[in-house]
Amino acid sequence: MNFFSPQNILSKKGFTMVEIMVVLAVLLVLAGISLGSLINTNDKQALDKSTLAVTALLEQARGSTLASKNDSEYGVHFDADKAVMFKGTTYSSSNSSNISAPINYRVQISGVSLSGGGNEVIFQRLTGGTIYTGTITLSLVASSTQTKTITIYGTGVIDRN
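Note that the structure is a prediction, hence the values are computed from the model and not measured.

Visitor: Residue-level account of the sheet that holds strand S2 (residues 83–87), with values.
Guide: The four strands are arranged S3-S2-S1-S5 in an open sheet whose pairing can be described as antiparallel. Here the strands that pair on one side only, and so sit at the sheet edges, are strand S3 (99–101) and strand S5 (120–122). Across the sheet, the mean angle separating the axes of adjacent strands is 20° when strand polarity is ignored. Here three bridges tie S2 to S3, and the two strands are oriented antiparallel to one another. The residue bridging methionine 85 from the neighbouring strand is isoleucine 99, located in S3.

Below, the structure is given as structure tokens:
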């Protein structure tokens, strides 16, 4: 029996419904896997960029303090959805000179563990050090198991992982 004979080719009219359903099922599985990977990559990038933004804000506050900008200390206040750099030793949410770090809506500041409690770090003039040492934890809103930690040392050095 020859599969490529003119008679066999002419007798085949198209695909069966089962064949079409199998192909669609395979395509849907592949699309699901691809979409899952894409979402995980986007979430990881959002967490990385938000961690970098908070770290940069802490470094800006320390740098402004060391430079004695406006003859003042600077600090950073942490809320679940933002980090805010402020001038002076007391945070006021209504101060127009406050600077916020852009935190992605998929990321939250899930933990603030600083010496003395509270959720603010204030840097000291001349040394750039701080008595508010500890960690700031950022995590994905959808998955609290994916986290990044920012560590603040007494010397004012900021480290992230």
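Visitor: Please give an account of the pairing of strand S1 (residues 74–78) that cites residues and values.
Guide: Along S1, five of the five residues are buried, which leaves the element largely enclosed by surrounding structure. By the bridge criterion, five bridges tie S1 to S2 in an arrangement that is antiparallel. Across the sheet, residue glycine 75 finds its bridge partner in S2, namely phenylalanine 86. What sits between S1 and S2 in their antiparallel hairpin is a turn of four residues. Bridge count for S1 against S5 is three bridges, and the pairing is antiparallel. Opposite valine 76, over in S5, you have valine 121 as the bridge partner.

Visitor: Which residues make up the sheet that holds strand S4 (residues 107–114), and what values go with them?
Guide: If you walk across this open sheet you meet the four strands as S4-S6-S7-S8, and the pairing is antiparallel. The outermost strands of the open sheet, each flanked by one partner alone, are S4 and strand S8 (158–160). In this sheet, adjacent strand axes meet at a mean angle of 20° when their direction is disregarded. Direction of pairing for strand S6 (residues 134–140) relative to strand S7 (residues 147–152): antiparallel, over a ladder of six bridges. Note that in S7 the partner of isoleucine 136 across the bridge is isoleucine 150.

Visitor: Tell me what's going on with the pairing of S6, and back it up with residues and numbers.
Guide: With six of seven residues buried, S6 is to be regarded as a mostly interior element. Relative to S6, S4 is paired through seven bridges, and the arrangement is antiparallel. Opposite valine 107, over in S6, you have leucine 140 as the bridge partner. A loop of six residues connects S6 with S7, the two strands running antiparallel in sequence.

Visitor: How would you sum up the pattern of salt bridges? Please name residues and give values.
Guide: Under the criterion given, the structure shown has four salt bridges. Here arginine 106 ties to aspartate 43 by a salt bridge, and the two come within 3.3 Å at their closest N and O atoms. With arginine 106 in the loop between S3 and S4 and aspartate 43 in helix H2 (residues 17–66), this pair connects stretches of sequence that are 63 residues apart. Between aspartate 48 and lysine 44 there is a salt bridge whose closest N-O contact spans 3.1 Å. Of this pair, aspartate 48 and lysine 44 are both found in helix H2, four residues apart, which corresponds to roughly one turn of the helix. Judged by its relative accessible area of 47%, lysine 44 falls in the partly exposed class.

How each quantity is defined
- Residues numbered from 1 in each chain as written.
- Predicted model: local features only at pLDDT ≥ 70, side-chain atom pairs only at ≥ 80, totals over all residues.
- Heavy atoms only, no water.
- Pairing = 2+ DSSP bridges.
- Helix = DSSP H or I, 4+ residues; strand = E, 2+ residues; numbered from the N terminus.
- Axes fitted to C-alpha atoms, helices over the stretch in contact; angles between N-to-C directions.
- Buried < 20%, exposed > 50% of the residue type's maximum accessible area, 1.4 Å probe, protein only.
- Salt bridge = Lys/Arg side-chain N within 4 Å of Asp/Glu carboxyl O.

This is a description of form; function is not addressed.
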